[in-house]
Amino acid sequence: MSSPITTWTSLSEDSRRHSKMAVIGIAISWTLAILMACTTTDGKTALYQQLGGAQAIETVTDRTLDRVSTDPRTKRSFDGIKMATLKKSVAAYVCKMADGPCVYEGETMANSHAKTNISGAEFDIMVSMLREELDRAGASDAAKNELLRRLAPTRRDIVKY
């Protein structure tokens, strides 16, 4: 079997030029694919970017969790929870749901909330606070509504009564 270098040097100048063009074409294709992954199919900015990226999402989720974990109507659900770990996990989940580059390694919503007995009212309070924190962070109505639309199906996995 020939080495790649031997094979390359044995090619005609024309074949080498075509091979170089193919490699450049592949590199351009991959670059475009990566750039397209950061935008939606309609050419608008990706939700992750509309929300301000990972740092902004982390700020919004941290503030939301700070509020719901201390609010008398919802704080019972956070007794004994390691808030720093929860904050990182929720930020990663929201980032992922917004098509960001974050990796969520937590449990499914159903598994992580199986024994929490969260009520519909508690869930709605958290959504309301999340909405307020998104407003505070300057998220557009379109971005806020799209994120909430994506998160809405989690209700059936979280709410127990």
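Scroll up to find the structure.
Residues numbered from 1 in each chain as written. Predicted model: local features only at pLDDT ≥ 70, side-chain atom pairs only at ≥ 80, totals over all residues. Heavy atoms only, no water.

Asker: Looking at this model, I keep getting lost on the nonpolar core. Mind explaining?
Answerer: Across soluble globular proteins, nonpolar side chains have a tendency to be buried as a group. One finds L47, L51, I57, A98, L130, L134 and L147 to be the most contacted residues of the largest nonpolar core, which totals 29 residues. At the level of elements, α3 (47–50), α4 (53–68), α5 (83–97), α7 (120–136) and α8 (141–151) are the ones that each hand at least two residues to this core. Not counting the four nearest positions on each side in its chain, I57 is found in contact with Y48, L51, A91, V94, C95 and A98. (Core = buried A, V, L, I, M, F, W, Y, C linked by side-chain atoms within 4.5 Å. Buried < 20%, exposed > 50% of the residue type's maximum accessible area, 1.4 Å probe, protein only. Helix = DSSP H or I, 4+ residues; strand = E, 2+ residues; numbered from the N terminus. Contact = heavy atoms within 4.5 Å.)

Asker: What am I meant to see in the state of the cysteines here?
Answerer: Where two cysteines share a covalent bond between their sulfur atoms, that bond is called a disulfide. Overall, the coordinates contain one disulfide when judged by the stated rule. With its sulfur 2.0 Å from that of its partner, C95 forms a disulfide with C102. As the torsion about the S-S bond is roughly 75°, the C95-C102 disulfide counts as right-handed. Residue classification places C95 among the buried residues on the basis of a relative accessible area of 1%. The exposure class of C102 is partly exposed, given its relative accessible area of 23%. (Disulfide = S-S within 2.5 Å.)

Asker: Explanation requested: the packing of aromatic side chains in the structure shown.
Answerer: A ring pair, where both rings are aromatic, is described by two values, the distance of the centres and the angle of the planes. Taken as a whole and judged by the stated rule, the model has one aromatic pair. Seen from their ring centres, Y93 and Y104 are 4.9 Å apart, and the 70° between their planes marks the pair as edge-to-face. Taken as a pair, Y93 in helix α5 and Y104 in the loop between α5 and α6 (109–112) lie far apart in primary sequence, 11 residues in all. Both residues of the pair, Y93 and Y104, count as buried. (Phe/Tyr/Trp six-rings, centres within 6.5 Å; stacked < 30°, edge-to-face > 60°.)

Asker: Sorry, what's going on with the pattern of salt bridges here?
Answerer: For side chains of opposite charge, pairing can occur when their charged atoms come near one another. Within this structure, the stated rule accounts for 12 salt bridges. Of the charged contacts, one joins E122 and R76 as a salt bridge, the two residues approaching to 2.8 Å between their closest N and O atoms. Of this pair, E122 sits in helix α7 while R76 sits in the loop between α4 and α5, placing them 46 residues apart in sequence. Here K144 makes a salt bridge to D135, at a shortest N to O gap of 2.6 Å. K144 sits in the buried class, given a relative accessible area of 6%. (Salt bridge = Lys/Arg side-chain N within 4 Å of Asp/Glu carboxyl O.)

Asker: Where do I start with the side chain of K144 in this structure?
Answerer: Structurally, K144 can be placed in helix α8. Within the structure, the side chain of K144 is placed 2.6 Å from the side chain of D135, a separation counted as a polar contact. Of note is the side chain of K144, whose polar atom sits 3.3 Å from the side chain of D141. If sequence neighbours within four positions are ignored, K144 has contacts with R131, L134 and D135. (Polar contact = N/O pair within 3.5 Å; in protein donor to acceptor, adjacent residues only side chain to side chain.)

Asker: Teacher, can you tell me more about the packing of α4 against α7 here?
Answerer: Working note: a packed helix pair is described by the angle between its axes plus the distance between those axes. Remark: α4 packs on α7, axes separated minimally by 9 Å, with the N-to-C direction vectors making an angle of 140°. What the angle tells us is that α4 and α7 run oblique. The crossing of α4 and α7 is right-handed. Judged by residue contacts, V60, R63, T64, L65, R67 and V68 of α4 engage M126, M129, L130, E132, E133, L134 and R136 from α7. Looking at the contact of α4 with α7, its residues break down into seven nonpolar, one polar and five charged. (Axes fitted to C-alpha atoms, helices over the stretch in contact; angles between N-to-C directions. Parallel < 35°, antiparallel > 145°, perpendicular 65-115°, else oblique. Left-handed = near helix turned anticlockwise from the far one by under 90°. Nonpolar A, V, L, I, M, F, W, Y, C, P; charged D, E, K, R; others polar.)

Asker: What should I look at first to understand the side chain of S119 in this one?
Answerer: With respect to the helices and strands, S119 occurs in the loop between α6 and α7. Classification of S119 as buried rests on a relative accessible area of 10%. Apart from residues no more than four positions distant in its own chain, S119 is found in contact with R76, V159 and Y161.

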